[in-house]
Amino acid sequence: MGSLTMIQAINQALALAMERDARVMVLGEDVGRNGGVFRATDGLMDRFGRDRVVDTPLAESAIVGSAVGLAIGGMRPVAEIQFLGFIYEAMDQIGTQASRMRFRSHGRYHVPLVIRAPFGGGVRTPEIHSDSLEAIFAHIPGVKVVVPATPYQAKGLLLAAIEDPDPVLFLEPMRLYRSMREEVPDDWYEVALGQARLVQAGDHVTIVAWGPMVPVAQAAAGLVAGDGIVSEVIDLCTISPWDSSTVIESVRKTGRAVIVHEDQRQNGFGAEVAATIQEQAFLSLEAPVLRVTGYDTPFPVPMVEDLWLPDANRVADAVRQTVAY
Amino acid sequence: MGSLTMIQAINQALALAMERDARVMVLGEDVGRNGGVFRATDGLMDRFGRDRVVDTPLAESAIVGSAVGLAIGGMRPVAEIQFLGFIYEAMDQIGTQASRMRFRSHGRYHVPLVIRAPFGGGVRTPEIHSDSLEAIFAHIPGVKVVVPATPYQAKGLLLAAIEDPDPVLFLEPMRLYRSMREEVPDDWYEVALGQARLVQAGDHVTIVAWGPMVPVAQAAAGLVAGDGIVSEVIDLCTISPWDSSTVIESVRKTGRAVIVHEDQRQNGFGAEVAATIQEQAFLSLEAPVLRVTGYDTPFPVPMVEDLWLPDANRVADAVRQTVAY
Amino acid sequence: MNPEQEFPIRRVIDEQGQLVGDRSQVSDAQLKDFYQWLVTLRQFDQRAWNLQRQGRIGTYPPYSGQEATQVGVVAALSHDDWICGSYRDWAALAYAGVPLHYPLLNSMGHAIAGHIPEQVQALPVQVVIAAQILHAVGLAWAAKLQEQNRVAVTFFGDGATSQGDFHEALNLASVMQVPVIFVCENNQWAISVPLNRQMHSPTIAQRALAYNIEGIRLDGNDIVAVYQTMREVVERVRSGQGPVLIEAVTYRLGAHTTADDPTRYRPPEEDEQRRRGEPLSRLQNYLQRSGLLSQDDISSIDEMAKETVDEAVQTAEAYPAASLAETFEHVYGELSESLREQRAASVRGGAAHG
Amino acid sequence: MNPEQEFPIRRVIDEQGQLVGDRSQVSDAQLKDFYQWLVTLRQFDQRAWNLQRQGRIGTYPPYSGQEATQVGVVAALSHDDWICGSYRDWAALAYAGVPLHYPLLNSMGHAIAGHIPEQVQALPVQVVIAAQILHAVGLAWAAKLQEQNRVAVTFFGDGATSQGDFHEALNLASVMQVPVIFVCENNQWAISVPLNRQMHSPTIAQRALAYNIEGIRLDGNDIVAVYQTMREVVERVRSGQGPVLIEAVTYRLGAHTTADDPTRYRPPEEDEQRRRGEPLSRLQNYLQRSGLLSQDDISSIDEMAKETVDEAVQTAEAYPAASLAETFEHVYGELSESLREQRAASVRGGAAHG
Ligand SMILES: Cc1ncc(C[n+]2csc(CCOP(=O)(O)OP(=O)(O)O)c2C)c(N)n1
Ligand SMILES: Cc1ncc(C[n+]2csc(CCOP(=O)(O)OP(=O)(O)O)c2C)c(N)n1
Ligand SMILES: [Mg+2]
Ligand SMILES: [Mg+2]
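Residues numbered from 1 in each chain as written. Chains lettered and ligands numbered in written order. Predicted model: local features only at pLDDT ≥ 70, side-chain atom pairs only at ≥ 80, totals over all residues. Heavy atoms only, no water.

Further remarks concern the pattern of salt bridges. The full count for this structure, using the stated rule, is 78 salt bridges over all chains. Two residues, Arg-100 of chain A and Asp-131 of chain B, come together in a salt bridge whose shortest N-O distance is 2.4 Å. Taken together, the residues Arg-100 of chain A in the loop between helix H4 (91–98) and helix H5 (101–104) and Asp-131 of chain B in the loop between strand S5 (114–119) and helix H6 (134–138) connect one chain to another. One exposure class covers both Arg-100 of chain A and Asp-131 of chain B, and it is buried. The salt bridge involving Asp-271 of chain C is made with Arg-266 of chain C; its shortest N-O contact spans 3.7 Å. When sorted by exposure, Asp-271 of chain C lands in the same class as Arg-266 of chain C, which is buried. Overlapping salt bridges, with partners in common, bring together Arg-265 and Arg-291 of chain A together with Glu-272 and Glu-279 of chain B in one network. (Salt bridge = Lys/Arg side-chain N within 4 Å of Asp/Glu carboxyl O. Helix = DSSP H or I, 4+ residues; strand = E, 2+ residues; numbered from the N terminus. Buried < 20%, exposed > 50% of the residue type's maximum accessible area, 1.4 Å probe, protein only.)

Looking at the assigned domains, one finds that chain C contains domain 1 (3–322) and domain 2 (323–354). Relative placement of domain 1 of chain C and domain 2 of chain C: their C-alpha centres are 37 Å apart. (Domains from an automatic or database assignment.)

What follows concerns the nonpolar core. In this structure, Leu-236 and Ile-277 of chain A, Phe-137, Leu-236 and Ile-277 of chain B, Phe-182 of chain C together with Phe-182 of chain D are the most contacted members of the largest nonpolar core, which totals 287 residues. Dropping the residues within four chain positions of it, Phe-182 of chain C is found in contact with Ile-133, Val-137, Thr-154, Phe-156, Ala-169, Leu-170, Ala-173, Pro-243, Val-244, Leu-245 and Ile-246 of chain C. (Core = buried A, V, L, I, M, F, W, Y, C linked by side-chain atoms within 4.5 Å. Contact = heavy atoms within 4.5 Å.)

Residues and elements named next belong to chain C. Looking at chain C as a whole, the pLDDT averages 96, with 98% of positions reaching at least 70. Across chain C, strand S4 (residues 180–186) holds the top mean pLDDT of 99, while helix H14 (residues 337–353) sits lowest at 83. As a predicted assembly, this complex carries a pTM of 0.98 together with an ipTM value of 0.98. (pLDDT = per-residue confidence, 0-100.)

Residues and elements named next belong to chain C. Protein coordination at the magnesium ion (ligand 3) comes from Asp-158 (OD), Asn-187 (OD1) and Trp-189 (O), with a distance range of 2.0 to 2.1 Å. Sequence spacing of the donor residues for the magnesium ion (ligand 3), all on one chain, is D-x28-N-x1-W. Note that Asp-158 is positioned in the loop between strand S3 (152–157) and helix H7 (164–176) and Asn-187 in the loop between S4 and strand S5 (189–190), a separation of 29 residues in sequence. The pair formed by Asp-158 and Asn-187 is uniform in burial state, with each residue classed as buried. (Donors = N, O, S within 2.8 Å, 3.2 Å for Na, K, Ca; no water.)

It is worth spelling out the interface of chain D and chain C at this point. The partner chain C presents 26 residues to the 26 residues of chain D that form the contact. With both sides pooled, the region where chain D packs onto chain C buries about 2,200 Å², and carbon together with sulfur makes up 49% of that total. Its largest share of buried area at the contact with chain C, chain D owes to His-167, His-200 and Ala-210 of chain D, together 27% of the area lost on that side. The interface formed by chain D and chain C includes zero salt bridges. (Buried area = accessible area lost by both parts, 1.4 Å probe.)

The next thing to look at is the sheet that holds strand S12 (residues 238–240) of chain A. Residues and elements named next belong to chain A. Pairing is mixed in the open sheet, where seven strands are placed in the order S3-S2-S4-S5-S7-S6-S12. This sheet does not close on itself; its edge strands, each paired only once, are strand S3 (53–55) and S12. The sheet shows a mean angle of 20 degrees between the axes of neighbouring strands, direction not considered. Pairing between strand S6 (residues 144–146) and S12: two bridges, direction antiparallel. The partner of Val-145 across the bridge, within S12, is Ser-240. Contacts from helix H1 (residues 6–20) reach strand S2 (24–28), S3, strand S4 (76–80), strand S5 (114–119) and strand S7 (168–173) within the one sheet, and its direction differs from that of S2 by about 130 degrees. Where helix H7 (residues 151–163) meets the sheet, its contacts fall on S2, S4, S5, S6 and S7, and the angle it forms with S7 comes to roughly 160 degrees. (Pairing = 2+ DSSP bridges. Axes fitted to C-alpha atoms, helices over the stretch in contact; angles between N-to-C directions.)

Let us now look at the domain arrangement of chain A. Residue and element names in this part refer to chain A. With domains assigned, chain A is organised as domain 1 (2–184) and domain 2 (197–324). Once you take the C-alpha centre of each, domain 1 and domain 2 turn out to be 26 Å apart. The interface of domain 1 with domain 2 comprises 26 residues on the first partner and 26 residues on the second. Around 1,900 Å² of area is buried between domain 1 and domain 2 when both sides are counted, 56% of it from carbon and sulfur atoms. The residue Asp-306 makes a salt bridge to Arg-124 at a minimum N-O spacing of 2.7 Å. For the interface between domain 1 and domain 2, the tally reads nine residue pairs in polar contact (both at pLDDT 80 or more). Of the residues that constitute the side of domain 1 that touches domain 2, the class distribution is 13 nonpolar, eight polar and five charged. (Polar contact = N/O pair within 3.5 Å; in protein donor to acceptor, adjacent residues only side chain to side chain. Nonpolar A, V, L, I, M, F, W, Y, C, P; charged D, E, K, R; others polar.)

This part takes up the site of ligand 1. The local shell around ligand 1 holds 21 residues, among which Glu-60 of chain B together with Tyr-87, Arg-88, Asp-158 and Trp-189 of chain C are the closest. Chain contributions to the surroundings of ligand 1 come from chains B and C. With respect to ligand 1, the backbone of Gly-159 of chain C contributes an N or O atom lying 2.8 Å from an oxygen atom. At 2.8 Å from an oxygen atom of ligand 1 is found a main-chain nitrogen or oxygen belonging to Trp-189 of chain C. Contact with the protein chains hides 96% of the accessible area of ligand 1, taken as 580 Å² for the molecule alone. Taken together, the residues of the shell around ligand 1 break down into 10 nonpolar, six polar and five charged. (Near = heavy atom within 4 Å. Areas by Shrake-Rupley, 256 points an atom, 1.4 Å probe, with all protein chains shown as cover.)

Right, let's talk about the interface of chain A and chain B for a bit. Taken together, the contact between chain A and chain B spans 52 residues of the former and 52 residues of the latter. Three residues stand out in chain A for area buried against chain B, namely His-139, Gln-266 and Asn-267 of chain A, and they jointly supply 17% of the buried area on that side. Remark: the boundary between chain A and chain B carries 10 salt bridges. The tally of links between chain A and chain B comes to 27 residue pairs in polar contact (both at pLDDT 80 or more). If you list the elements that add at least two residues to the side of chain A that touches chain B, you get H4, H5, helix H6 (134–138), S12, strand S13 (257–264), helix H10 (269–280) and strand S14 (290–294) of chain A. Among the elements that line the side of chain A that touches chain B, the one with the most residues is H10 of chain A, at eight residues. For the side of chain A that touches chain B, the residue count by class is 26 nonpolar, 13 polar and 13 charged.

Moving on, we come to the relation of the copies chain D and chain C. At an RMSD of 0.0 Å, chain D and chain C line up after a rotation of 180 degrees and a shift of 0.0 Å along the axis. Both copies are brought into coincidence by an operation consistent with a two-fold rotation axis. Identified as the residue of chain D closest to the rotation axis by C-alpha distance is Gly-164 of chain D, at 1.7 Å. A high fraction, 100%, of the interface residues of chain D reappear at the interface in chain C, so the copies pair face to face through one surface. (Least-squares fit on C-alpha atoms with pLDDT ≥ 70 in both.)

What follows covers the side chain of Ser-231 of chain A. Residue and element names in this part refer to chain A. For Ser-231, the position within the fold is in strand S11 (residues 231–235). Using a relative accessible area of 1% as the deciding quantity, one classes Ser-231 as buried. With residues up to four places along the chain from it excluded, the contact list for Ser-231 reads Gln-200, Ala-201, Gly-202, Val-205, Ile-207, Ala-221 and Val-224.

Residues and elements named next belong to chain D. You can see Gln-25 is positioned in the loop between strand S1 (9–10) and helix H2 (28–53). In this structure, the C-alpha to C-alpha distance between Gln-25 and Pro-103, residues 78 residues apart in sequence, is 31 Å. If near-sequence neighbours (up to four positions away) are discounted, Gln-25 is found in contact with Tyr-227, Gln-228 and Arg-231.

Have a look at this one:
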């Protein structure tokens, strides 16, 4: 048990998986000698050798496409896309290949592949580096999409993703890499994919968030607590397939919901959550489901990103609005 | 004025645009000598020459990426992606390049580019050829997404798209290419982007559809008319930016909505429409907004596609269900 | 550099069926077996075309003209070497052991057609141009890491060489030195786009120079050249000497698919000239010329082929229809709750309106 | 083929600053002007580094070591030729006429940094590796179609050559024979990945062979070699003789960006050796050696450079802050209704909690 940051927890998970299973390998740009630009793979090359920790050429389609072959060929590749914004280069290999090998081959082959990628704002990166794209992958059948929000979750979810028989996109919120520490068991444990996590229980409103917005949702819950509003905060953890039951159950209780994501609003994953809530909890709803999200512009320049990103105040406002409806 | 199929209307629009503006050019795989695999560009090479009607190498990223340069350099490229399912190969050039040149250059450059692509089921194609991806592009700021449903609309929307100063994805429902004829003026006319079209007025329920699902929605409206249900059918025409006002106004009147799309359900564009309706017409809603969509599987093999695709019966069922709620 | 000189076309039997090189690596029996395969595959291809015309199957992409390359390559592999091909590589798959009714099932729209039988090490056919080239690199890489002594072979067209994935695959394979053989079936056309609009270089083999790997150009209509070269190449690649790019110069005798009309774009003279080298008559000429094949042999082989093809058609047509419910089975290893509900709903919907 | 022989490195001034070739195409005045630019750009780069260390600007990607390539290339262009570079090509942009405070604005996170001044024909810097190579092909193509007599130049790194877009761009350009010059700044590293893990080929120039276009390898730290070669190449390309690939062999003296620590991956010996050839001291040595530059000149040029850089810093630091409202302006030519509402809400939100 140690008090770890998320990046340390991820590093530990990778080391553990490689130790336990010789088929697990890591590949990507700068993941080897350099240990990854965020040090997620720090020390792995020294420990597991150049065959299992591979600095690839600068080619995302090649990284994912060859990993599909590696996975079918018996390995358990964990590929890194250096920043999620660059994953479009591998879009076909994800969207029509990794995701469909099981389907195309009518079950003969499957692709146990994890694609890790840092994403999200709050760290003042150059263009494209901060984009959130979980909604796009949530729309592609055959891949799973996971977004951890704490060090403990990150390790357990990553180990579950590596064990999973299907392609998993594992999206790591950059701004949470080192923002907090948490007690994390040294040993192997898994946090099941596809299950939401109750962050705090409440009766007046359900706040649904994931990844980088979980701390924001928690902070907002703190703000509105002053007004006597007791929020239930739910961390989705997995975006696809997502745990709609937990969310619906909560909204049936609270009658109100606010969804928070950093990604753009139009057709962000909040749209699916809101659409599903109103479908399945219609009679319980006391107010429209609100969404607090990034605006429908490209992720902005560093100078204004803090204003662009949803923050606790914006979320608290939405909560108050829905409670006052 | 002639009675044209959609493919003829598209062909006519392209010829008209090229005739009127020497900057307009067409590029893509097999668009030249062969006139396109669906004959959308038939005759254009003979008429406008090899410089303006270009058979490119087989490389979608090159088609879109070079078209970005062509557009900035003063041309008005109309690029064809042979089938929408192959557009992932050009995903980066669309998602971080064409869509962002205006933003990145703070207004110095813009990209007047049209990307045409056939899509959708009902014609028993091999794998990947029938995929619907409008929801993915609706989530990318900086591109517009247009989906015509009739020959008249197709011509007018395409001409508006070519005149538009920004990148427009123009998605052509394959199954409507030759399924009906409509009177289409010979001359230039535009159908404004971003505006929905009232297909038929009604009071009991609003059915929202686009492209290939418009005739299905109409057929469903016909089926439920037998039960005394008078449906208002709205064709979105443009998915992004979409005309939420027309939809909201309608739902405020009818109190009920059913959204129909062929694309997969999870985070399909129906999610955005449903989320917006419940946000903005909450107090008018008598029943949950329902979605009738493709299932969350890859587009299936030809043998079962008719069962997979939403049809008039499934839509009619949903309409009855929402009216009976 | 003169590419055509640097990469001469390897040929053993010429267009007229004359021996113009060394065929010591292929026995008479092997050659006759090849002949039988080529006859059967050609008959099959023509039958499939007709079936489509009769509306009994859907879109079908004929491989006629390219059988020598597909069969010659696979014949040089071991049973556990990997094969990753495109929609046009059913001849390769058939020779590798996939039953002949599979391509028919595929064109009829059966999901099972993607389920390559367990004893064959091949991926399902690939529709997205060039994507499989990277899979082959990954499979070869996995084989190398696991010291399996396997190679991976990937087939793709001349058009596929324009895709980014082609480049990324060759570069990665050369950096990692994995045992993969890239077989380009240069059939001169990518639907309606001729080679000289696809690229400005006279050969495809010369692309190997960019990656510092070996490039070989051969007559893809000469099964002896294909087979013998591949034997040599497979051995070298298997022994760890890095990837090889092979340009098999061939010709698509038919349309791109049953939906295509090549008269719109193929100049008749060129077509005429190119057809002359086609692999089946060439092999037949050689075998007859050298007394290895009698008129009787030809008739009986034709007869057997017809039976084989008839059987494939019957098997395919008797195959139980695919069901919508199945569509939900292989999206993930497990059905998610939502997919389970959707499957249930799809069955209800079907029942209500059946 | 021996690539190093086929593509010898063109060099006019060697690492010690000795003339080893013909420099007849560059005047003394031009050379001294180059020197002044190189001094200013180097000072700027170091200042930017320091500003980042002081927290006054954000992430910055230094170009030190690559100035000769960037300046030498641009110097051979006309004013309306297109330039499409990467995040590391601010020296090229500066020489082309973009004010020196722009790269600072960029690293401070101002949106305006993307607005290349109207008199400069360049695209904003590109972050997505290799994407700009295709834009350059399109710009050159547009120029050809409109008979504008313009060429397009694109800069990219050694790492960029592994991307599919690199390949697709070179292939398309060669097929269309458009006036584009591909300038690869081979600085030996792609972040932590050395050239020999990026590719298995000894040179980048040899990739030209795949596309049947001209490939040239030159010493990118020798501004004379760069400039003279480019003059020749630009003329040829402008006259319609098709695209050219140039490999400028250079070295990234500093870190990848201010966020990078090269001591984690660069062997000190190799680093030591590579630094010796760096372009600024080389040019200075040559100029001093040949009596074109006195100690006084050096001091006064240093002084002027310092002033120029000071001014750029002041301008950048005095620049009015970017606003969130602006963020909505350039998504489309017109604000959609929804964006208008979002902009209004964003202002209200800000006011409420300001
Ligand atoms: C990525 C992608 N783009 C476009 C297509 C449409 N398409 C199918 S086959 C084909 C031509 C392929 O030519 P080639 O690679 O030479 O193979 P051949 O058909 O000649 O065997 C095209 C453009 C596709 N299937 N995939
Ligand atoms: C498509 C893409 N993938 C990954 C990155 C992350 N990244 C930024 S710079 C870089 C290395 C680039 O190397 P090179 O092309 O040699 O250019 P250099 O930085 O040396 O100038 C990488 C991997 C990116 N920006 N874009
Ligand atoms: Mg071909
Ligand atoms: Mg580099």
